[in-house]
Amino acid sequence: TAQTDWKSTPAYAPYPETVTVRVVKGGQESANLLPEGESIEENQALKYIEDTLNIDVVYDWISPSGASYEDKLNLTIASGQIPDLMIVTPLQLQQLAEADAIEDMTPYIQEYANKDLLAAYEKTNGIALEAATINGKIMGVPNVQPQADAPIMVWVRKDWLDKLGLEGPESVDDLEAIARAFMEQDPDGNGAADTVGLTGTLNPVLVPSNLHGFDGIFNAYGAYPELFYRNAEGEIVYGSVQPEMKEALAKLAQLYQEGVIDPEFATKTTEKSNELVVGGQAGIMTGPWWISWWPLGDSVASDPNADWQPYMLKDKNGEYSFAMGDFTNSFVVVRKGFPQPEVALKILNIQNDLSYGLNDAPQYYPNFNEIWTLLFPIPFLIEDPYVVERMGSEYQQALDGSLDPETFSEAMKLEFGQIQEDMAAPRTVSASWSTRMARLNAAQLLGAGYNEVRNDPSVSRMLPNEPTWPSLKKLEEETFLQIITGAKSVDDFDSFVQQWNDNGGAALLEKLNQ
């Protein structure tokens, strides 16, 4: 079909009579960022959505973000007078569905979501829609967030590796050997044994996005703490109580006892451990693909020799396997009885067009990324979950000459310029180095592929309402820190598992497996 025909497809067709759509919104405290003469209620992006669909968006209320928005939304839900459309948490989705207060969206998704939204859902292998499915019905429109934050990489100073004649790490054993060499062989050449082997923080595990986390080490042992995932038999199990955890904890306890792990890690915040890296006292840092921007960019800015490179650790089967974050953490729901439930999808289609300049959608705002949540009636993203990998491959194709960089968005053109600048003069401009490392080197590591282990989609709806969960979580966090730091023996892991099961863990797993 011709370019203009999209307006007559179900995903975009205007209503014959104007439809009023009532919504609610946070973000009031940032409204001053909008251009002169525009507001949350009246702006060019909103008007484009309203004009395209022949709808009138009305705000029941607008509040500041954060706690006041959460409180107001909870009051609104409790009152029974909910708006036509709203964004809710997994727990709220569960409660609203059980109260029969929201529309079943099953009949609308395939017909009214545009091809870009459907492609994003497709890339989650059905998991995003499954997260919204209660008793066989899709009760909300799920978001999709990029996945690249989860695989915890090991970033190592290659200038130090080169000086000591070492290769980058592929296994936990390699990582340990490098950490010991950095401690014992004075890679910074200052004549003092003052280099920290492995940094850490008071959160040894945090899925996803853990800076200085031990997550990648656990995953290399086949242990997936914090995740309720399906095992080979299809049963939901909890990663933190599996036997592989004991082996990983034993290794970490040994490294701590021998001084390879920063002796003060258990009391340190991310910022405190960043100081070791930026100050040249550590040559290894764990974290996701983007840490070349922060904090490693600061390290390069203060020492252009600091040639940080990303690596990934293989598990004992020689494969890359990582604990992943959820694809979905929020949902758009439609009030039960609202006559045009599909309008939620039609608005999301146009918001996506405005975000990425698709279907000739006008690009009104140079600072769009800063203000999009204020402009849109449903500030909600359904993104390609593997966008980081995709961009990495496009940048590489542009470097190889098989893709014309003129086809890139303005933002990508800017980044591509930085990548080229750093290739011409490495680490001369730290910001350009940061972009090259994240967008090209780290993205290509991810793009080469890895196994994913993730929470069962039902977990995020069930867990927040589980009375025993906070105390189970606390027991786990305390025990693991105590085992790593030697305050408890590795064999205390067995009694922890027993205690976890007896104090509600076994019952919780039974409920999740019903």
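The present account deals with the structure reproduced in this document. Computed from a predicted structure; not experimentally measured.

## Concerning the overall build of the protein chain
Here is step 1 of the chain: Looking only at helices and strands, one finds 20 helices and 14 strands in the protein chain.
Here is step 2 of the chain: Compactness check: the protein chain gives a C-alpha radius of gyration of 25 Å against a globular reference of 24 Å for 514 residues, within 12% of the reference.
Here is step 3 of the chain: Dimensions along the principal axes, computed over C-alpha positions, put the protein chain at roughly 80 × 60 × 40 Å.
Here is step 4 of the chain: For the protein chain, buried positions account for 53% of its 514 residues.
Here is step 5 of the chain: Summarising the internal contacts of the protein chain: among those between residues at least 6 apart in sequence, 74% fall at separations of at least 24.
Here is step 6 of the chain: Working note: accessible area of the protein chain is about 22,100 Å², and carbon and sulfur atoms make up 49% of it.
Here is step 7 of the chain: Measuring between centres, the 33 positive side-chain charges of the protein chain sit 1 Å from its 77 negative side-chain charges.

## What about the pairing of strand S1 (residues 19-25)?
The two faces of the sheet receive side chains in turn, since in a regular strand these alternate between them.
Here is step 1 of the chain: A large share of S1 lies buried, amounting to five of its seven residues.
Here is step 2 of the chain: Pairing geometry for S1 and strand S2 (residues 55-62), over seven bridges, is parallel. The residue of S2 that forms the bridge with Val23 is Tyr59.

## Considerations on unusual backbone geometry
Working note: non-glycine residues mostly have negative phi, and peptide bonds are mostly trans.
Here is step 1 of the chain: Here the residue pair Val207 and Pro208 is connected by a cis peptide bond, since its omega of -15° sits within 30 degrees of zero.
Here is step 2 of the chain: Considering the arrangement of structural elements, one finds Pro208 in the loop between helix H8 (172-184) and helix H9 (215-220).
Here is step 3 of the chain: In this chain, Trp294 is followed by Pro295 through a cis amide linkage whose omega measures 10°.
Here is step 4 of the chain: Backbone geometry places Ser209, a non-glycine residue, at a positive phi of 75°.
Here is step 5 of the chain: Along the chain, the position of Ser209 falls in the loop between H8 and H9.

## A word on the environment of Leu276
Here is step 1 of the chain: Assignment of secondary structure puts Leu276 in helix H11 (residues 270-278).
Here is step 2 of the chain: The sequence separation of Leu276 and Asp492 amounts to 216 residues, and the corresponding C-alpha distance is 32 Å.
Here is step 3 of the chain: Setting aside anything within four residues of it in sequence, one finds Leu276 in contact with Val196, Thr199, Asp262, Lys268, Gln281 and Ala282.

## Focus: the environment of Glu122
Here is step 1 of the chain: With respect to the helices and strands, the residue Glu122 is situated in helix H5 (residues 115-123).
Here is step 2 of the chain: A sequence separation of 275 residues divides Glu122 from Gln397, and the C-alpha atoms of the two residues are 24 Å apart.

## What about the packing of helix H1 (residues 44-53) against helix H13 (residues 343-356)?
Here is step 1 of the chain: Contact geometry for H1 and H13: axes closest at 10 Å, N-to-C directions at 130°. Our classification of the angle between H1 and H13 gives oblique. Crossing of H1 over H13 shows right-handed handedness. Touching Ala45, Tyr48, Ile49, Thr52 and Leu53 of H1 are Lys346, Ile347, Ile350, Gln351 and Leu354, all from H13.
Here is step 2 of the chain: For the contact of H1 with H13, a count of residues per class yields seven nonpolar, two polar and one charged.

## Concerning helix H16 (residues 410-424)
Here is step 1 of the chain: Taking 1.5 Å of rise per residue, 15 residues should cover 21 Å, and H16 covers 21 Å from first to last C-alpha, within 8% of that figure.
Here is step 2 of the chain: Of the residues making up H16, those classed as buried are Met412, Glu415, Phe416, Ile419 and Asp422. In an axial view of H16, the angular spread of the buried residues amounts to 125°, which keeps them on one side of the axis. Exposed residues lying more than 90 degrees from the buried face of H16 are Glu410, Leu414 and Ala424.
Here is step 3 of the chain: Those residues of H16 that are buried are in contact with helix H15 (387-400) and helix H17 (430-447).

## Things to note about the side chain of Glu342
Here is step 1 of the chain: With respect to the helices and strands, the residue Glu342 is situated in the loop between strand S13 (331-334) and H13.
Here is step 2 of the chain: Lys346 is the oppositely charged side chain nearest to the buried, salt-bridge-free Glu342, at an N-O distance of 5.0 Å.
Here is step 3 of the chain: Not counting residues up to four positions away in its chain, the partners in contact with Glu342 are Tyr15, Tyr108 and Tyr112.

## Describing the packing of aromatic side chains
Here is step 1 of the chain: In this structure the tally under the stated criterion is 23 aromatic pairs.
Here is step 2 of the chain: A ring pair is formed by Tyr224 and Tyr229, whose centres lie 5.9 Å apart and whose planes are at 80°; its orientation type is edge-to-face.
Here is step 3 of the chain: Since its relative accessible area comes to 9%, Tyr224 is described here as buried.
Here is step 4 of the chain: Judged by relative accessible area, Tyr229 falls into the buried class, the value being 12%.
Here is step 5 of the chain: Linked through ring pairs, Phe228, Tyr238, Trp469 and Trp500 together constitute an aromatic cluster.

## Topic: the pairing of strand S3 (residues 85-88)
Here is step 1 of the chain: A two-sided burial pattern is seen for S3, the buried positions comprising Leu85 and Ile87 on one face and Met86 and Val88 on the other.
Here is step 2 of the chain: Both S3 and S13 contribute to a ladder of four bridges, which runs antiparallel. Across the sheet, the residue bridging to Met86 is Val333, located in S13.

## Quick notes on the layout of surface pockets
A water-sized probe, rolled over the atoms, reveals where empty space remains.
Here is step 1 of the chain: In this structure, the largest pocket occupies an estimated 1,500 Å³ of space.
Here is step 2 of the chain: Looking at the largest pocket, it is lined by 39 residues, and the ones nearest its centre are Ser355, Tyr356, Asn369, Glu383 and Val387.
Here is step 3 of the chain: Counting residues per element, the ones that place at least two in the lining of the largest pocket are H5, H13, helix H14 (368-375), H15 and H16.
Here is step 4 of the chain: For the lining of the largest pocket, a count of residues per class yields 20 nonpolar, nine polar and 10 charged.

## Section: the sheet that holds strand S7 (residues 153-157)
Here is step 1 of the chain: As summarised here, the arrangement of the three strands in space is S10-S7-S11, forming an open sheet in which the pairing is antiparallel. A strand with exactly one partner marks an edge of an open sheet, and here the two such strands are strand S10 (284-287) and strand S11 (308-311). Within this sheet the neighbouring strands show an average axis-to-axis angle of 25°, counted without direction.
Here is step 2 of the chain: Bridging between S7 and S11 involves four bridges; their strand directions are antiparallel. Across the sheet, residue Arg157 finds its bridge partner in S11, namely Trp308.

## Some points on the packing of H16 against H17
Here is step 1 of the chain: Following both chains from N to C, one finds H16 and H17 inclined at 105°, their axes separated by 8 Å at the closest point. The orientation of H16 with respect to H17, classified from their angle, is roughly perpendicular. Only Ala431, Ser432, Trp433, Thr435, Arg436, Arg439 and Leu440 of H17 make contact with H16, whose side of the interface consists of Glu415, Gln418, Ile419, Glu421, Asp422 and Met423.
Here is step 2 of the chain: Split into classes, the residues belonging to the contact of H16 with H17 amount to five nonpolar, three polar and five charged.

Reading guide: rules and limits
- Residues numbered from 1 in each chain as written.
- Predicted model: local features only at pLDDT ≥ 70, side-chain atom pairs only at ≥ 80, totals over all residues.
- Heavy atoms only, no water.
- Helix = DSSP H or I, 4+ residues; strand = E, 2+ residues; numbered from the N terminus.
- Rg over C-alpha atoms; globule rule 2.2 N^0.38 Å.
- Buried < 20%, exposed > 50% of the residue type's maximum accessible area, 1.4 Å probe, protein only.
- Contact = heavy atoms within 4.5 Å.
- Areas by Shrake-Rupley, 256 points an atom, 1.4 Å probe, with all protein chains shown as cover.
- Lys, Arg positive; Asp, Glu negative; His and termini not counted.
- Charge placed at Lys NZ, Arg CZ, Asp CG, Glu CD.
- Pairing = 2+ DSSP bridges.
- Axes fitted to C-alpha atoms, helices over the stretch in contact; angles between N-to-C directions.
- Parallel < 35°, antiparallel > 145°, perpendicular 65-115°, else oblique.
- Left-handed = near helix turned anticlockwise from the far one by under 90°.
- Nonpolar A, V, L, I, M, F, W, Y, C, P; charged D, E, K, R; others polar.
- Expected span 1.5 Å × (residues − 1).
- Arc of directions from axis to C-beta.
- Salt bridge = Lys/Arg side-chain N within 4 Å of Asp/Glu carboxyl O.
- Phe/Tyr/Trp six-rings, centres within 6.5 Å; stacked < 30°, edge-to-face > 60°.
- 1 Å grid on protein atoms, 1.4 Å probe; cavity = no way out; pocket = protein on both sides within 12 Å on 5 of 7 lines; lining within 4 Å.
- Points joined across faces, edges and corners; volume = space filled by probe spheres on them.

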